[in-house]
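Residue-level structural notes
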Amino acid sequence: MTDITVVDSSRFLQSILDAADRGWRIVSYFGIPAQTVVQLICVLANKAEGQLAVTRTETRDDHFPSISSLCTQAQLFEREIAEQCGLVFDDHPWFKPVRFHHSFVPERDAWNRPADEPIRAGVMNYFQVAGDEVHEVAVGPVHAGIIEPGHFRFQCHGEEVFHLEISLGYQHRGIESDLIGGPHKRTLQVMETAAGDTTIGHGQAYCMVMEALGGIKVPPRAEVLRGIALELERLANHTGDLGAIAGDVGYLPTSSFCGRLRGEFLNMTAVLCGSRFGRGFLTPGGTIFDLTHGHCDDLRKRLTEARRDLTNAVELLWNTPSVMGRLEGTGQLTHELGLELGLVGPAARACGIKRDVRQDYPFGIFRMTHLPVATSFHGDVCARTMIRWQEAQKSMDFIEEQLRQLPGGGHRVETLPCAGRHLAVALTEGWRGEICHVAVTDEAGQFDRYKIVDPSFHNWQGLAMALRGQQISDFPLCNKSFNLSYCGFDL
């Protein structure tokens, strides 16, 4: 950390803008607040060069220039920093709360709220469209299904959506604030629940951070086991999404099949560790559980059967004209808009953006195994659906290959204490997309700040833009084609 030079604010901001112009992307941007100073750290990534860069600055003022009007990727990060660190970003195009919680430092609050004032999530100004026959439709935060809270406000003319504004933050989870001063005994369990359907993705990112801070090298067998778990998690969720998309267009055969098959992939994860969501499988230094030859044979048999059934179920979608008529052309995003918003995961790849951490910044077993990246160019629901199917096929190929040639040796090594005054960055490719964890340690090796960026943080605005010019009745289908996380956002 001491090797990262503190630059003045103008140089800090200009370096971000210059990097964005050269194709770099903001993967994390956060603040470390204190009573009199706020330290700002920005982590940028350049896929073409396979590099990460870190820049930092400090400010003692309550106000800081916004670059959101010049770099759209920064707008949500700036609002988050304002809420957590009490820093007001001047000239921000739409400055408002993100999660509706108090600042990490009560004396610093961007919204000038008393520290003891109760906060009501969602109470703020919304963008409005005025005109004859323009009307507003508010949905949530309480929904009819058993899902987490989120508020969607549509500005419509008849059925056409002019604008969708999404408000989250109804779950005051406090994960990042609780991580300060760690790692604690239960920190890994907290990471596994950062987004409950991405246990392996977030768990592995945390383990990679701890291994970097402790100078630990993970055994090859453990890297393969982690890769298998990560791809099983991808398979379970992609299969569930394929079924849910089919259900949203009223096509029950694929919906029913995929609902069952999602359970099959979850059961395969349970073979690894006893938990269908992979809880308790990972640990810094490797994995807690190992696979026997019998386990490998069992998983390969299950995988063969699941592949056959999933192929049959998904082929029904592509061969049904009424289904394709609903998927094609719905909720389109252009390649240029996807780049501007900084989209990640299947949503980005459906726009023709070839962005995948497993290939761009290989980690674990993916340093040794090339996994092809599937892309499409239409940016619609059909493309996002097709990407999931193509990725599922590649994940099944990968798992089968790794089970056949599982390396010998141990699956875990002892960990060492975290190094003091260090910064560690971990990138993994969860099933929704890029996951970024950044840890900054103090002199004692404890977390001075731990920043989590779930892929949903990048992609919620993509969903809002996909609805522009669409029919409001297309919202459930578009929403499911992104399938973003509420809890992964409400940290």
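The next subject is the overall build of the chain. Scanning the chain from terminus to terminus reveals 15 helices and 14 strands. If one aligns the C-alpha atoms of the chain with their principal axes, the spans along those axes are about 65 × 60 × 40 Å. The buried share of the chain, reckoned over its 491 residues, is 59%. The contacts of the chain with a sequence gap of at least 6 include a subset with a gap of at least 24, amounting to 67%. Accessible area for the chain stands at about 19,500 Å²; split by element, carbon and sulfur atoms hold 50% of it. Averaging the positions of the 46 positive and the 60 negative side-chain charges in the chain gives two centres separated by 6 Å.

All right, on to the packing of aromatic side chains then. Each aromatic ring pair is summarised here by two numbers: the centre-to-centre distance and the angle between the ring planes. Inspection of the entire model under this criterion finds 13 aromatic pairs. Members of the aromatic cluster, connected to one another through ring pairs, are Phe-152, Phe-154, Trp-460, Phe-475 and Tyr-486.

Turning our eyes to something else, we now look at the environment of His-378. For His-378, the position within the fold is in the loop between α12 (357–360) and α13 (381–404). Residue His-378 is classed as exposed on the basis of its relative accessible area of 54%. Sequence spacing of His-378 and Ala-350 is 28 residues, and the spatial spacing of their C-alpha atoms is 6.7 Å. In this structure His-378 touches Gln-332, Leu-333, Ala-350 and Ala-383, once residues within four positions along its chain are discounted.

Let us now look at the sheet that holds strand β7 (residues 134–139). Note: strands within a sheet are paired through backbone hydrogen bonds, in either parallel or antiparallel orientation. The strand order across the open sheet formed by three strands is β7-β8-β9, and the pairing between neighbours is antiparallel. Two strands bound the open sheet, and with one partner strand each, they are β7 and β9 (160–167). Taking each pair of neighbouring strands and ignoring which way they run, the sheet shows an average axis angle of 20 degrees. When β7 meets strand β8 (residues 151–157), the two strands line up antiparallel, connected through six bridges. Looking at the pairing, Glu-136 lines up with Gln-155 of β8.

Packing of helix α8 (residues 293–318) against α13 brings their axes to within 10 Å, and their N-to-C directions diverge by 160 degrees. Classed by the angle they form, the pair α8 and α13 counts as roughly antiparallel. Pair α8 / α13 crosses with left-handed handedness. Here Cys-296, Leu-299, Arg-300, Leu-303, Arg-307, Leu-310, Thr-311, Val-314, Glu-315, Leu-317 and Trp-318 of α8 come into contact with α13, specifically with Thr-385, Met-386, Trp-389, Gln-393, Met-396, Asp-397, Ile-399, Glu-400, Leu-403 and Arg-404.

With antiparallel pairing, the three strands of this open sheet are ordered in space as β12-β13-β14. The strands lining the two open edges of the sheet, one partner per strand, are β12 (423–429) and β14 (447–453). Strand-to-strand twist of the sheet, defined as the mean angle between neighbouring strand axes without regard to direction, takes the value 10 degrees. Strand direction decides the pairing type here: β12 and strand β13 (residues 434–441), joined by seven bridges, are antiparallel. When the bridges of β13 are listed, Ala-426 appears paired with His-437.

Before going further, it helps to examine the environment of Gln-390. Looking at the secondary structure, you find Gln-390 in helix α13. Along the chain, Gln-390 and Val-105 lie 285 residues apart, while their C-alpha atoms are 46 Å from each other. If we skip the residues at most four places from it in the chain, Gln-390 touches Ala-374 and Thr-375.

This brings us to the domain arrangement of the chain. A common way to express how large an interface is: the accessible area buried when the components associate. For the chain, the assigned domains are domain 1 (1–114) and domain 2 (183–455). Put simply, the middle of domain 1 and the middle of domain 2, counted by C-alpha atoms, are 28 Å apart. Taken together, the two surfaces of domain 1 and domain 2 that pack against each other cover about 1,900 Å², and 63% of this comes from carbon and sulfur. On inspection of domain 1 and its partner domain 2, the count reaches two salt bridges. Here Glu-80 makes a salt bridge to Lys-451, at a shortest N to O gap of 3.2 Å. For the interface between domain 1 and domain 2, the tally reads nine residue pairs in polar contact (both at pLDDT 80 or more). Tallying contributions element by element places strand β2 (residues 25–33) first for the side of domain 1 that touches domain 2, with seven residues. Tallied by class, the residues present in the side of domain 1 that touches domain 2 amount to 13 nonpolar, nine polar and three charged.

Buried residues dominate β8, accounting for six of its seven residues. Two elements, β8 and β9, share seven bridges in a ladder whose sense is antiparallel. Bridge pairing in β9 places Phe-154 opposite Leu-164. With antiparallel pairing between neighbouring strands as the criterion, β8 and β9 make up a hairpin whose turn holds two residues, including Gly-158 at a positive phi of roughly 65 degrees.

Moving on, we come to the nonpolar core. If you look at the biggest cluster of nonpolar residues, it comprises 142 residues, and the most contacted ones within it are Tyr-29 and Phe-265. Sort the elements by how many residues they give to this core and helix α6 (residues 220–248) lands first, with 11 residues. Shared between two domains, this core takes at least three residues from each, and those domains are domain 1 (1–114) and domain 2 (183–455). Those residues in contact with Phe-265 that lie beyond four places of it in its chain are Leu-232, Leu-235, Ala-236, Thr-239, Leu-303, Ala-306, Leu-310 and Met-396.

The relative placement of two packed helices is expressed as an angle between their axes plus a distance between the axes. Interhelical geometry of helix α7 (residues 252–273) versus α8 gives an angle of 165 degrees and a closest axis separation of 10 Å. For the element pair α7 / α8, the angle class is roughly antiparallel. The interaxial crossing formed by α7 with α8 has left-handed handedness. Between α7 and α8, the residues in contact are Pro-253, Thr-254, Phe-257, Cys-258, Arg-260, Leu-261, Phe-265, Asn-267, Met-268, Val-271 and Leu-272 and His-295, Asp-298, Leu-299, Arg-302, Leu-303, Ala-306, Asp-309, Leu-310, Ala-313, Leu-316 and Leu-317, respectively. Residues belonging to the contact of α7 with α8 are distributed by class as follows: 15 nonpolar, three polar and four charged.

Parameters and conventions
- Residues numbered from 1 in each chain as written.
- Predicted model: local features only at pLDDT ≥ 70, side-chain atom pairs only at ≥ 80, totals over all residues.
- Heavy atoms only, no water.
- Helix = DSSP H or I, 4+ residues; strand = E, 2+ residues; numbered from the N terminus.
- Buried < 20%, exposed > 50% of the residue type's maximum accessible area, 1.4 Å probe, protein only.
- Contact = heavy atoms within 4.5 Å.
- Areas by Shrake-Rupley, 256 points an atom, 1.4 Å probe, with all protein chains shown as cover.
- Lys, Arg positive; Asp, Glu negative; His and termini not counted.
- Charge placed at Lys NZ, Arg CZ, Asp CG, Glu CD.
- Phe/Tyr/Trp six-rings, centres within 6.5 Å; stacked < 30°, edge-to-face > 60°.
- Pairing = 2+ DSSP bridges.
- Axes fitted to C-alpha atoms, helices over the stretch in contact; angles between N-to-C directions.
- Parallel < 35°, antiparallel > 145°, perpendicular 65-115°, else oblique.
- Left-handed = near helix turned anticlockwise from the far one by under 90°.
- Domains from an automatic or database assignment.
- Buried area = accessible area lost by both parts, 1.4 Å probe.
- Salt bridge = Lys/Arg side-chain N within 4 Å of Asp/Glu carboxyl O.
- Polar contact = N/O pair within 3.5 Å; in protein donor to acceptor, adjacent residues only side chain to side chain.
- Nonpolar A, V, L, I, M, F, W, Y, C, P; charged D, E, K, R; others polar.
- Core = buried A, V, L, I, M, F, W, Y, C linked by side-chain atoms within 4.5 Å.

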